[in-house]
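Here is what each chain is made of, one letter per residue.
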Amino acid sequence: MDPQTLPPDVRAFYEQIKTRYQVGFEPLTVRGHRLNILRMTDLEQILDGKNPLKDVGAFPFWVKIWEASLVLADLLAGLPKQEGVTPKTTLLELGAGLGVPGLAAAAAGMSVTLSDYEEHILDFERINAAASKLQDVSFCLLDWKNPPADMPRYDVLAGAEILFREEFFQPLLQVMQRALKPDGVIYLAHDHRRQSLHPFLKLAEQDYVISASKRRLKSLEEDKIIILTRLKRRR
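Thresholds applied
Residues numbered from 1 in each chain as written. Predicted model: local features only at pLDDT ≥ 70, side-chain atom pairs only at ≥ 80, totals over all residues. Heavy atoms only, no water. Helix = DSSP H or I, 4+ residues; strand = E, 2+ residues; numbered from the N terminus. Rg over C-alpha atoms; globule rule 2.2 N^0.38 Å. Buried < 20%, exposed > 50% of the residue type's maximum accessible area, 1.4 Å probe, protein only. Contact = heavy atoms within 4.5 Å. Areas by Shrake-Rupley, 256 points an atom, 1.4 Å probe, with all protein chains shown as cover. Lys, Arg positive; Asp, Glu negative; His and termini not counted. Charge placed at Lys NZ, Arg CZ, Asp CG, Glu CD. Phe/Tyr/Trp six-rings, centres within 6.5 Å; stacked < 30°, edge-to-face > 60°. Pairing = 2+ DSSP bridges. Salt bridge = Lys/Arg side-chain N within 4 Å of Asp/Glu carboxyl O.

As for the overall build of the protein
Consideration 1: Scanning the protein from N- to C-terminus turns up seven helices and nine strands.
Consideration 2: By the compact-globule yardstick of 18 Å for 235 residues, the protein fits well, its C-alpha radius of gyration being 17 Å.
Consideration 3: Summarising its shape, the C-alpha atoms of the protein cover approximately 50 × 45 × 40 Å along the three principal directions.
Consideration 4: Within the span of the protein, comprising 235 residues, buried residues form 49% of the whole.
Consideration 5: When contacts within the protein are restricted to residue pairs at least 6 apart in sequence, those whose partners lie at least 24 apart make up 67%.
Consideration 6: Working note: accessible area of the protein is about 11900 Å², and carbon and sulfur atoms make up 48% of it.
Consideration 7: If you average the places of the 31 positive and of the 31 negative side-chain charges in the protein, the two averages end up 6 Å apart.

Following this line, the structure appears as structure tokens:
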């Protein structure tokens, strides 16, 4: 991916990011859709010596392309064939980070909004959408503890590796209630070792019918087992 081919306004975001971090584009193919994802090539720049294993809540989850995001991207890119999704179908990715699942959904034909809690994260998302030649993508700042009063509603909500601190469970559930259309659906993806997944789903099952399935990603180091969950409002 040649950054010089980015639109001028997006290239300005790229040049600004490049002064702060070591970055590079990683090509991904999801169900035949080509994505170009800008990511940090040296995480120590942002970790600043912190040990994420000692304080998971302090880890900047947005900087990494998680295995769960790849699994969720594959699922969302396949939805148009499975559930009659059309270009009018709206999707909000929660805690989108680098935006891989949402961009895969946009490449498959959905109208997508990527959200996160800091402006510089949205800059990465803007670059990744432009680098992937996707136009029907919007971006919004979304603080789960202080969501906008006039929050729009979406057909689909999605999130990968977004359950990392229990203090955010109730705010996240409230955002889901406000952002999901009555007949909408929520898709989440997390590593099966994510201990926060079970307590979150216990809270969510009061309002949602939940189904779950496993996906296995094979790698040279170790296989990753990802839990995909689907939530629909109780009637």
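From this point, the narrative continues.
Some remarks on the packing of aromatic side chains
Consideration 1: Enumeration over the complete set of coordinates arrives at six aromatic pairs.
Consideration 2: Taken together, a centroid distance of 5.9 Å and an interplanar angle of 20° make the contact between Y14 and F25 stacked. Separated by 11 residues along the polypeptide, Y14 in helix α1 (residues 8–20) and F25 in strand β1 (residues 23–30) bring together distant segments of the chain.
Consideration 3: Seen in terms of ring centroids, F169 and F200 are 5.4 Å apart; in terms of plane orientation they differ by 75°. Their pairing is edge-to-face. Here the residue F169 occupies a position in helix α6 (residues 169–179), and F200 occupies one in helix α7 (residues 197–204), the gap between them amounting to 31 residues. With respect to class, F169 is no different from F200; both count as buried.
Consideration 4: Put simply, the rings of Y21, W62 and F124 pair up and form one aromatic cluster.

Describing the side chain of T89
Consideration 1: Looking at the element boundaries, T89 is found in the loop between α3 (67–82) and β3 (90–93).
Consideration 2: For T89, a relative accessible area of 11% corresponds to the buried category.
Consideration 3: Beyond its immediate stretch of four places on either side in the chain, T89 contacts M110, S111, D155 and V156.

Some thoughts on the pairing of strand β2 (residues 33–40)
Strand residues, when the strand is regular, have side chains that alternate between the two faces of the sheet.
Consideration 1: Relative to β2, β1 runs antiparallel, the two being bridged by eight bridges. Note on β2: the bridge partner recorded for F25 is L38.
Consideration 2: Where β1 hands over to β2, the hairpin turn is made up of two residues, of which R31 adopts a positive phi near 50°.

A look at the pattern of salt bridges
Consideration 1: A complete count under the given rule lists 14 salt bridges for this structure.
Consideration 2: Residue R165 pairs with E167 through a salt bridge whose shortest N-O separation is 2.8 Å.
Consideration 3: The class of E167 is partly exposed, set by a relative accessible area of 42%.
Consideration 4: Linked through salt bridges whose partners overlap, the residues forming this network are E119, D123 and R126.

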